[in-house]
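Take a look at the letters that make up each chain.
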Amino acid sequence: MTFDRLRQIVRLRLRSLFWGASVDHELDEELRYHLEQQIDANVARGMTPEAARAAALRALGGVEQRKEECRDTRGISIVENLLRDLRLAFRQLRKQPGFTFTAVASLALGIGANTAIFQLLNALSLRTLPVRAPHELVEMRLTGDGRAGRHTGRNRQISLPQYQELLARQQAFSSMIAFGDTRFNLAPKGEVRYVDGLWVSGNFFETLGVTPAIGRLIGPADDTKGCGAGVAVISYALWQNQFGGRADILGQTLPNGGTTVPIVGVISQAFFGVEVGRQIGVAMPNCASGNTRRDHWWLATIGRLKPGWTRAQAQSHLQGILPEVQRAAMPEFRADWAALYEKMVVSVVDASAGVSPLRQSYQRPLWILMAVAGLVLLIASVNLANLLLARATARRQEFAVRLAIGGTRGRILQQVLTESLLLAALGSIAALGVAFVMSQSIPPLMSTVVDRIHLDLSMDWRVFGFTTAAALVTALVFGLAPALRLAGTPAVGRERSAAGNEGAGLRRLLVSAQIAITLVLLFGGLLFLRTFRNLATQDIGVHERGVIVANVFFLETAMPAEKRIAAYRTLDGRLRAIPGVVSIAEVYTTPLGGSFSDTDIEIDHKFVGNANVNRVSAGYFTTLGTPIVEGRDFDARDVPEAGRVAIVTRSFADAYFKGPAIGRHFTIPNDIQRDGGTDYEVVGMTADQKYLDIRETHPKVMFKASSQDTAPGTTRRYVIRSTLDPQETVASISAAVDAFDPTAAIRYALLDTQVGEAMLQERMMARLSTIFGGVALLLAIVGLYGVVSYGVASRRAEIGVRVALGASRARILSMILGDVGRIMIAGVAVGCLLALGAARGIGSLLFGLNPDDVTTLAVAAGVLLLCGFASAAWPARRAAGIDPVKVLRES
Amino acid sequence: MSRPADLVQGTLDLLILKMLALEPLHGFAISQRLKQMSGDILQVSDGSLYPALHKLEQEGWIEAEWKPTENNRRAKFYSLTRSGKRQLVKETESWARLAGAISMLVTLPEV
C-alpha cells in the first residue's frame, strides 16, 4: 500500500467517523443529482414526469437502501465499534448498580493505594530537582573512618577547607557547589521559631540555574572570607507567609544570633532546596556560618559534570586528587587518625533528584509498601474476575444468540473487554481521588514536631502514566478470563447451556489464590505491628511521661563566659522554685534526642572500647526516674577542683569492669589531636538508659558531672518534671527565663513525644501494612462469600433433591463448609510458603522477632480461617434451609 | 451487499476503473456510459453503482471532487488515482487470464 493511498484512506475513515453528517449530506446530494438527471433523461424520452420519477427510483432500487450500502462500504471502523460497545457497556453497568459500585470501589481502593505509594516514591526518588539540566548533577561522597571532630547537619560530608582545596584541584565539574543544612531562628527573642535554612557557597544559585523572584540571589561576591553576618535570601513561601509578600521586603532584616542580616532577594517559587522532603526558608553564604574549622564536617557537595565526563570518570579523577586535598586540609590529627583520614574513598552518585537522608531511610519501606499495595490490587482484581466470571455464565444465553445471528467471536471478545476497560477507567478516576487523600496523609507520619516533611505530591506525567498502566494491567487481569470464556460460548443449537455451575472450578481456584495472598499480607502486617509493639514496650530506662525538655539559648554578648557559672546557678534556683516542679536537672543530651557524643574508653592505659558520653547535673536520674542501683548521685562534693567522677550504666560496668564498678577508674583519652587523657573515678551505677536507638540492647553510657564543668557554653538544656499541666509549666518557665535574660531564646519538647518520634518509621510501617492487610482480608472474605453463595444458588436443585432423599441439615451444612474448608486449606497452605519466602525480604526492618516467626504465622492463618468460615456460614445456612418442595416447584 | 447476478465478481470495479481511466466522470455519467458501451448486455443497476464507487474510493483507487457539470450543476466527479491506475493494470491482466481460461475451456471440442 503506497503512502498516498494510505493517507487517503485514513482521511476518508476519519471523515466518515467524525463528520458523519457531512458525508451523509454529500451522499444525499450525489444520489439526488443522479435521480434528477435520470428523470430528465426519462422525460426526454417521452415519459410523464410522474412515470419518469418512478422509473428512476425503481432503477436505483430505493434511495435509503443505497445510502445504507454506501455507508456500509465506508466501513464501520474499529473506533465506531468501540463507541458502540462503550454505550452498551455503560447501559449494562447502569442496570447493575450494586455490581458496578463494588467493582469501581474495590478498583479505586486498589489502584488508589498503589498510586498513593507511587506518588511518594516519585516525590522522594524519581522527580528531578527543579533546576537547570538536573541530569548533569552529581553528589560527591566520602566514606571511611577519619572524620573525627564536630559533625553537624543531615548531609555532612566535608569541611570548608576541604571544599576549598577540592575546588582548586578538580577538573571534572564545570562548577561545584557546597552547602550545609541548618535552622534559622526567626524569633528575635522568647520561644524559638525555626525555619529550615541552608548555608550555600557563592556559586550555588548560579550553578543550579535558580533565578530570583525579586531582588538578587547570593553570588560569589557574597561568599568571601570575613563577610561578617553576610546577606540572606528567603524562599517564596516564607516571603508570602511571614512577610505577606510585601514588595519592600528587600529593605528588611532577619534576626540571627544577636545581629541582623539584610534580605537581598526572594528565591523563585519552584525551588525548594536540594534536599527532597525539606523546604528551605532562608539561605545565607557559607562565610557567614563561621564554620571554618578543619575538623568540622558539615558540608555536602554537588558538581555539574563537564560535557563528556561520566560519573565513573569523575569518581576516579576525584579519588586521584583526594590524597593531596586531604593533606592540604588536614586537621591536627594524631598519626593513626591522619592515616585513616588520607585513606578515605570517594564515590560519585547521581544527584538529579537532589540529596536526601529521608530517601535513604524510607525508600526501602516504601518499595515494600508498594509491593503490598500491588498484592492488594491483585486481590481486588481477582474478586472482579470472579464477579465477571459469574456474570459471564449468566450471560452465555445472550452471547449464544448473538453468535447464532452472525456475531463474530472477535466482536464478542472486544465487547467484553470494553466492559472491563470501562470499569478499570471508572475505577482509576476514583483512584486518583483516593490516592490524593492517602498520599497527603503519609508525610505527617514521617514528620516530627520540629522536622516537618514537605513532599511535592502534585500529580505529574509519571503518576498519571502509572495509574493508567495499573488500570490497563488490572483490566486485563480481571477481564481476560471471563472474556475468553464468553468468546468460547457455543452458538445456540449446538449445545443447550445447561449447568449453571460451569466455571466453578476456576472460580474456586481464584479464591484459593486470594486467600494465599491475603495470608502473606496479614502475616506481613502482623510482623510490622509486633515490631512496633516490641519497640514501644522497650525499656529505655526512663519514665518519659510528664518530663519537659527546655533548651535555653543565650547570646554570647549577654552571657560572657566568666559570668556564666554564677548566673546559671541563679537561673537553676529560679526554675526549681516554679510551682508544680518536682525535680529539675541540667543535661547535655536527652534520651533519643537525636544528638550524642561518643568516646574511647581506656583502662590501665589499654583501649577497651567505646561509650556514649553525657554530662548531667545532680538530680538528673531522679527527674527521669532512672534508679541508681549502686553508689551515689552527683552532689556538692563534685566541684571542679576535686578529682573527676563519673556515673556509668550497668552495661558499661558489665562490659568494662566485669565486677563491682564503684571506686574503679577509667580514662578518656584526649581527643585525637593530643596525647594524654582524663582519669575518672566511678561513684555510681544506674540502670541502662538509651540515647542512640531504641533497638540498642546494652547501652554503654558514662555520665560526667556538670558541676565539674569549668567552661559551660551559651546553651543550657533542662529536664523538668512537673505535676502541673505542661502548658502551664512552660508558661512559667518562659516567664522566669524572660525575667532572667530578655534576650534568651527557648525551645521546648516533651520527652515522651521525643521518644515516640524515634519510632516513626516503624509506626508508619505498622499502620500502613496493617491497614493494607485489613483491606486484603475484607476483599478476600467478600470474594469467598461471593463464590460460596453463588455455588449454593446454582446447586439449589441438587441440594433440594438431596434433602428430599433424606439428607439432614447437618449433612448439607458440612457438605458446604467442607467445600469451603478445602478452598481455604489449599489457600492457607500455599500462603504459608509464600509468606515465609516473602518475609525474608523484610527481616532487616523487624525488631524483637524473626521473619519466620511461627506464632505470628499461626495467628494470621487462624484469623483468616475464622473470618473465612464466618463469611461462609450464612450461605451454608441458607443451603441447609432449602425446602425441596419449593425447589421442585421452581423447576 | 447485493450484486447483479450476471456480473462476475469484481467485474463492475474493473469496468468503472477502465471508464475513469479515460476521463473523470460523475455517477450518472458512468451509469449512462456503461449502458451505452456494453450495448445493454451488461445489466448494471444504478443501485449497485454507487456502493461500488464508494468502495473504490475507500480503497483509495479513485478519488472524488465536486465540480460544476456542463449544465452548471454541482456533481461529484470521480477520477483515477495513481494506485487506481496500477490496480486497473492488475485487474485487466487477471481478467484477461480468467477470460482466456474460460474461453479455452468452453471452446474445447466435445468429442
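Residues numbered from 1 in each chain as written. Chains lettered and ligands numbered in written order. Predicted model: local features only at pLDDT ≥ 70, side-chain atom pairs only at ≥ 80, totals over all residues.

Draft legend 1. The overall build of chain A, seen in detail. In terms of helices and strands, chain A carries 27 helices and 24 strands. A compact globule built from 891 residues should have a C-alpha radius of gyration of about 29 Å, whereas chain A, at 38 Å, is more than 25% larger. Reported as C-alpha extents along the three principal axes, the dimensions of chain A are approximately 135 × 85 × 55 Å. Put simply, chain A has 891 residues, and 39% of those count as buried. Taking the intrachain contacts of chain A between residues at least 6 apart in sequence as the baseline, contacts between residues at least 24 apart amount to 84%. (Helix = DSSP H or I, 4+ residues; strand = E, 2+ residues; numbered from the N terminus. Rg over C-alpha atoms; globule rule 2.2 N^0.38 Å. Buried ≥ 20, exposed ≤ 12 C-beta atoms within 10 Å, placed from the backbone. Contact = placed C-beta atoms within 7 Å.)

Draft legend 2. Structural view of the sheet that holds strand S1 (residues 25-26) of chain B. Residue and element names in this part refer to chain B. Spatially, S1-S3-S2 is the arrangement adopted by the three strands of the open sheet, whose pairing is antiparallel. A single partner strand is all that each edge strand has here, and the edge strands are S1 and strand S2 (62-68). Taken together, the two bridges between S1 and strand S3 (residues 74-80) define a ladder with antiparallel strand orientation. Across the sheet, leucine 25 pairs through a bridge with tyrosine 78, a residue of S3. (Pairing = 2+ DSSP bridges.)

Draft legend 3. Region of interest: the domain arrangement of chain A. According to the domain assignment, chain A consists of domain 1 (3-75), domain 2 (134-352), domain 3 (360-437 + 456-495 + 505-536 + 760-890) and domain 4 (555-743). Placing a centre on the C-alpha atoms of domain 1 of chain A and another on those of domain 2 of chain A gives a separation of 78 Å. (Domains from an automatic or database assignment.)

Draft legend 4. Summary view of helix H4 (residues 82-106) of chain B. With 25 residues, H4(B) extends 36 Å from end C-alpha to end C-alpha; this agrees with the ideal 36 Å at 1.5 Å per step. Little of H4(B) is tucked away: two of the 25 residues are buried. (Expected span 1.5 Å × (residues − 1).)

Draft legend 5. Examining the packing of helix H2 (residues 27-37) of chain B against helix H3 (residues 46-59) of chain B more closely. Residue and element names in this part refer to chain B. One way to put it is that H2 packs onto H3 with a least axis distance of 10 Å and a crossing angle of 125°. With respect to H3, the element H2 is oriented oblique. Handedness of the H2/H3 crossing: right-handed. Only Asp46, Leu49, Tyr50 and Leu53 of H3 make contact with H2, whose side of the interface consists of Gly27, Ile30 and Ser31. Among the residues making up the contact of H2 with H3, the classes are represented as four nonpolar, two polar and one charged. (Axes fitted to C-alpha atoms, helices over the stretch in contact; angles between N-to-C directions. Parallel < 35°, antiparallel > 145°, perpendicular 65-115°, else oblique. Left-handed = near helix turned anticlockwise from the far one by under 90°. Nonpolar A, V, L, I, M, F, W, Y, C, P; charged D, E, K, R; others polar.)

Draft legend 6. Representation of unusual backbone geometry in the model. Despite not being glycine, Asp604(A) shows a phi value in the positive range, around 50°. Note on placement: Asp604(A) falls in the loop between strand S16 (598-603) and strand S17 (606-616).

Draft legend 7. Structural context of the pairing of S2(B). Residues and elements named next belong to chain B. Of the pairings in the sheet, the one linking S2 to S3 comprises seven bridges and is antiparallel in character. Residue pairing across strands places tryptophan 66 opposite lysine 76, the latter belonging to S3. In sequence, S2 turns back onto S3 through a hairpin of five residues, with asparagine 72 there showing a positive phi of about 60°.

Draft legend 8. Structural view of the environment of Phe204(A). All names here are of chain A. With respect to the helices, strands and loops of the structure, phenylalanine 204 is situated in helix H8 (residues 204-208). Remark: the alpha-carbon pair of phenylalanine 204 and alanine 178, spanning 26 residues in sequence, is separated by 7.3 Å. Residues within four places of phenylalanine 204 in sequence aside, it is in contact with Ile177, Phe179 and Ile218.

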